[in-house]
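A look at the structure
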Amino acid sequence: DRFDGFQGGGFNMTYRGSGVQLGIMNNWAAEMHGVQISAQNESKKHRGVQLGVYNRSLDLKGLQIGIWNVNQKRKFPLINWA
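Attention in this report is confined to the structure presented alongside it.

Conventions and cut-offs
Residues numbered from 1 in each chain as written. Predicted model: local features only at pLDDT ≥ 70, side-chain atom pairs only at ≥ 80, totals over all residues. Heavy atoms only, no water. Helix = DSSP H or I, 4+ residues; strand = E, 2+ residues; numbered from the N terminus. Rg over C-alpha atoms; globule rule 2.2 N^0.38 Å. Buried < 20%, exposed > 50% of the residue type's maximum accessible area, 1.4 Å probe, protein only. Contact = heavy atoms within 4.5 Å. Areas by Shrake-Rupley, 256 points an atom, 1.4 Å probe, with all protein chains shown as cover. Phe/Tyr/Trp six-rings, centres within 6.5 Å; stacked < 30°, edge-to-face > 60°. Lys NZ or Arg CZ within 6 Å of the ring centre and 35° of its normal. Salt bridge = Lys/Arg side-chain N within 4 Å of Asp/Glu carboxyl O. Pairing = 2+ DSSP bridges. Axes fitted to C-alpha atoms, helices over the stretch in contact; angles between N-to-C directions.

What about the overall build of the protein?
- The number of helices and strands found in the protein is zero helices and four strands.
- The linear arrangement of helices and strands in the protein, starting from the amino end, is β-β-β-β.
- Computed over C-alpha atoms, the radius of gyration of the protein comes to 11 Å, within 12% of the 12 Å expected from 2.2 N^0.38 for 82 residues, which places it in the range of a compact globule.
- When its C-alpha atoms are laid out on the principal axes, the protein stretches across 30 × 20 × 15 Å.
- Taken over 82 residues, the protein has a buried fraction of 38%.
- Within the protein, contacts between residues separated by at least 24 positions form 0% of all contacts whose residues are at least 6 apart in sequence.
- A total accessible area of about 4500 Å² is found for the protein, and carbon and sulfur atoms account for 65% of it.

Examining the packing of aromatic side chains
- One pass over the full model with this rule turns up one aromatic pair.
- Taken together, a centroid distance of 6.2 Å and an interplanar angle of 75 degrees make the contact between F76 and W81 edge-to-face.
- With relative accessibility at 43%, the residue W81 sits in the partly exposed group.
- Looking at R74, its charged tip hangs above the ring of W81, at a distance of 4.5 Å from the centre.

Quick look at the pattern of salt bridges
- Under the definition given, this model contains four salt bridges.
- A salt bridge links R56 to E42; the shortest N-O distance between them is 3.6 Å. In this pair, R56 is assigned in strand β3 (residues 54-70) and E42 in strand β2 (residues 40-51), connecting sequence segments 14 residues apart.
- Classification of R56 as partly exposed rests on a relative accessible area of 31%.
- Judged by its relative accessible area of 17%, E42 falls in the buried class.
- One salt bridge connects R47 with D59, and the closest N-O pair in it is separated by 3.3 Å. Taken together, the residues R47 in strand β2 and D59 in strand β3 connect sequence positions twelve residues apart.
- Judged by its relative accessible area of 29%, D59 is partly exposed.

Quick notes on the sheet that holds β2
- Read across the sheet, four strands follow the order β1-β2-β3-β4 without closing on themselves; strand pairing throughout is mixed. The outermost strands of the open sheet, each flanked by one partner alone, are β1 (2-37) and β4 (75-81). The average angle at which neighbouring strand axes cross in this sheet is 40 degrees, direction not considered.
- The pairing of β3 with β4 spans six bridges and is antiparallel. Of the residues in β4, the one forming a bridge with I65 is I79.

Pasting the structure below:
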């Protein structure tokens, strides 16, 4: 599954995404280029911004803004980057 542009809903899941992923509860992507906005954002590889309560990426090049943020370099509250 792939999207370019916008993906919205309660629970979003994609293998590759480019654009904006907007979810109420959860966003998940194997590879994401762009912005994830939800209560919980997770991606294996992310290039861009994650905005949420909990943000996690195993391979991040970008910015995380949320209560708790996790990436390959550190676990940090409020703002995290890699």
